[in-house]
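Survey of secondary and tertiary structure
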Amino acid sequence: MIFWEPRETPTVELINPVDVLITQAKKAEALGNYLTPEGNNALQLYVQVLADDPAQPQALEAIDKIINLYTDGIRSDLAEGYIDKADASLQRLLAARPESAQLLSLQGELEAARMQQMELAEMLAQADAYLQQNIFRKKQLSINGDPTPLGTLYRQDRDLDNSWRLPFVHCS
């Protein structure tokens, strides 16, 4: 006679996708991959967590931590003139938290820095045009035989008390 014994039913553990994403995000953080590489960084993984569970406290806290971590770096990039780099980081953060007052304020700072950079570029272009024009005029004068180079007429006289006067500079 053959007796049939029931086998144990294998148990299947259901894996919560939110837990998997949080684990991946923590690994990305441990590697320093907060905003990069694209598609596999801590910020994007936490955003995916929030898409599944908008009130997930670990993801909310981690995103705030990443924002605080990068805010000073973005300001530093702005101060050093790396506006495009600052903008790229800011846009990634804004994608995660578009309503963040801290990020919106930083966006205002970035726009002001961009305007200042544009004004400086315009001033440099004007200065370059002025210099190019005067170099051309200087060449014309030297071709025509004028022995005095443009912008180099100086007069240094001593005052009655034997002190030097500031030089008189003639620029045309």
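The structure we're discussing is the one just above.
Residues numbered from 1 in each chain as written. Predicted model: local features only at pLDDT ≥ 70, side-chain atom pairs only at ≥ 80, totals over all residues. Heavy atoms only, no water.

Some details on the overall build of the chain
What counts here: Put simply, DSSP marks the helices as runs of H or I at least four residues long and the strands as runs of E at least two long, and each gets a number from the N terminus on. To sort residues, take the accessible area from a 1.4 Å probe on protein chains only and compare it with the maximum for the residue type: under 20% means buried, over 50% means exposed, and anything in between is partly exposed. Residues are treated as being in contact if the distance between any of their heavy atoms lies within 4.5 Å. Computed by Shrake-Rupley with a 1.4 Å probe, the accessible areas treat only the displayed protein chains as cover when residues are assessed.
The helix and strand inventory of the chain stands at five helices and two strands. Walking the chain from its N terminus toward its C terminus, one meets helices and strands in the order α-α-α-α-α-β-β. Within the chain, buried positions represent 23% of all 172 residues. Long-range contacts, defined as pairs at least 24 residues apart, comprise 41% of the intrachain contacts of the chain with a sequence gap of at least 6. Carbon and sulfur atoms form 57% of the exposed surface of the chain, whose accessible area is close to 12,900 Å².

Considerations on the pattern of salt bridges
Counted only if it meets this: Here, a salt bridge means any side-chain nitrogen of Lys or Arg that lies within 4 Å of a carboxyl oxygen of Asp or Glu.
Going through the model one piece at a time under the given rule, you end up with eight salt bridges. For Arg97, the salt bridge identified is with Asp64, shortest N-O distance 2.3 Å. Of this pair, Arg97 sits in the loop between helix H4 (83–96) and helix H5 (101–143) while Asp64 sits in helix H3 (residues 57–79); the two residues are 33 residues apart in sequence, bridging distant segments of the chain. Looking at Arg97, the relative accessible area reads 12%, which means it is buried. Given a relative accessible area of 36%, Asp64 falls into the partly exposed group. Salt bridges sharing common partners tie together Asp64, Arg97 and Glu99.

Some points on the packing of aromatic side chains
Selection rule: Note on ring pairs: Phe, Tyr and Trp rings are taken, using the six-membered ring of Trp, and paired if centres are within 6.5 Å. Classes follow the plane angle, with under 30 degrees stacked, over 60 edge-to-face and the rest tilted.
Under the counting rule described, the total for this entry stands at one aromatic pair. When the centroid spacing of 6.2 Å and the interplanar angle of 65° are considered together, the rings of Tyr34 and Tyr70 count as edge-to-face. Separated by 36 residues along the polypeptide, Tyr34 in the loop between helix H1 (17–30) and helix H2 (42–52) and Tyr70 in helix H3 bring together distant segments of the chain. Look at Tyr34 and you get buried, because its relative accessible area is 17%.

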